[in-house]
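Listed below are the residues making up each chain.
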Amino acid sequence: MQGGAAQHASAYGVKYQARCIAPYVADPQRTRFLVGTQSLREENEVHVITLPDNSSDIVCEGLYTHQNEIWDLAICPFEPQIISTVYASVGEYGAGLWRIPDRSRGGHMNVQPLQNVASLDGHKHTIKCTLWWPSGKHNQLLSIDAENLFIWDVNTAQRLAKVETQLSAGELHHMAGGAWDPHDVTNVATSIESSVQMWDLRSMKQSSRIEQAHAIQVRDIDFNPKNEHIIITAGDDSKIRVWDLKMLGMPLRELPGHSHWTWRVRYNPTFEELVLSAGTDSVVNLWHVIPSSSSESKPKSPYGSPKGPLDSLLRAYTEHEDSVYGIAWSARDPWVFASLSYDGRVMVDSVPQNLRKQRH
């Protein structure tokens, strides 16, 4: 492991229930994550945690207050002190941009409130998530609610966020989340009940759709970081599926997923064949998924099934005792990842050494 961190899992606990964990993609010099809590009655918190070099102990670098329940959390990819949250208060949802205060001004371990930068006002329906521009520096941010996708022009220095445009999925559809294509920033994928819809941000119209991507609700979507047109999805039918956006008839791959809802799925940002998944069965799974070419004309299987013959479960991590709603690969070390269960337990784990050697 880069940085000399220990092979054994490291644990960290927050005081309240939690669903959200995000990597510091703008700060690849350290293994750092942000965790947001979801307490109904207490003032919520955002924890900045790190795994120092040559240590297996997770350290809290900063603790900040956030008044409302945090349902979604994302970090600006080019300005590490700026974050976005989706929050709930008395059944109503909102979203905002926040600045993490400079610790040198308030003491290392003093609890400080996040500084409000801007509110993402204008949504009339339940907000699901925010998506930052996928690579490099840009002033655009997306927010998704049950029926609409908003494009925002953000100026953090002037503490402004204004709506540039919006698209609507229609009253009969309910979006649950989405992902921004890192290969083509004009494309966004959203989950709408059991389907996946692709949107063209130039025309602000639907460009394609995967009907019945999962038997029930599609819970998560991620784009392959190396292979254009390839996405992976997870759903309430417990399955994980890999899709070619140029050939939507059936999935290229299908993994059995979890014994209950598969809530999150994430490609490794460096090694596309490594995939993490997490679910309400309290398990985090590490998968080997054969890299798929968009030129493939049919699933690789001798039996006509979308299950590839070499796809396999490499390891199941079972340290959690509650549903796992958050997973995140380290922005520094491609072998390290963190997971978060609803009871507020964070585990930082790593890919076993014997599996790493196969990928060098």
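Predicted, not measured: the structure shown is a model, and the values here were computed from it.

A. Looking closely at the sheet that holds strand E19 (residues 218-223). Across the sheet, four strands lie side by side as E19-E20-E21-E22; this open sheet has antiparallel pairing. For this open sheet the edge positions go to E19 and strand E22 (253-255), each flanked by a neighbour on one side alone. Taking the axes of each pair of neighbouring strands and ignoring which way they run, one obtains an average angle of 20° across the sheet. Two strands pair when backbone bridges link them, and strand E20 (residues 230-235) and strand E21 (residues 240-244) are joined in this way by five bridges, in the antiparallel orientation. For Ala234, the partnering residue across the bridge sits in E21 and is Ile240.

B. Inspection of the UniProt feature "repeat: WD" (unreviewed entry) in the protein at higher detail. In the UniProt entry, the feature "repeat: WD" (unreviewed entry) is given for residues 211-246 and 255-297. Measuring from the first to the last C-alpha atom of residues 211-246 gives 14 Å, for a span that is 0% helix and 47% strand.

C. Region of interest: the sheet that holds strand E26 (residues 312-317). Read from one edge of the open sheet, four strands run E23-E24-E25-E26, paired in antiparallel fashion. For this open sheet the edge positions go to strand E23 (262-267) and E26, each flanked by a neighbour on one side alone. When strand polarity is set aside, the average angle formed by the axes of neighbouring strands in this sheet is 20°. Pairing analysis gives five bridges linking E23 to strand E24 (residues 274-279), with the strands arranged antiparallel. Within the sheet, the bridge partner assigned to Arg266 lies in E24 and is Leu276.

D. Local environment of the pattern of salt bridges. This model, assessed by the stated rule, comprises 14 salt bridges. With a shortest N-O distance of 2.7 Å, Arg30 and Glu61 are connected by a salt bridge. Of the two residues, Arg30 is situated in the loop between strand E2 (18-23) and strand E3 (31-37) and Glu61 in strand E5 (residues 59-66); the sequence distance between them amounts to 31 residues. Salt-bridge contacts for Arg202 lead to Asp200; the nearest nitrogen and oxygen are separated by 3.0 Å. Judged by its relative accessible area of 14%, Asp200 falls in the buried class. Each of Asp27, Arg30, Arg32 and Glu61 takes part in a single network of salt bridges with overlapping partners.

Reading the values: rules and limits
Residues numbered from 1 in each chain as written. Predicted model: local features only at pLDDT ≥ 70, side-chain atom pairs only at ≥ 80, totals over all residues. Heavy atoms only, no water. Pairing = 2+ DSSP bridges. Helix = DSSP H or I, 4+ residues; strand = E, 2+ residues; numbered from the N terminus. Axes fitted to C-alpha atoms, helices over the stretch in contact; angles between N-to-C directions. UniProt positions renumbered as here; feature names shortened; annotations may be inferred. Salt bridge = Lys/Arg side-chain N within 4 Å of Asp/Glu carboxyl O. Buried < 20%, exposed > 50% of the residue type's maximum accessible area, 1.4 Å probe, protein only.

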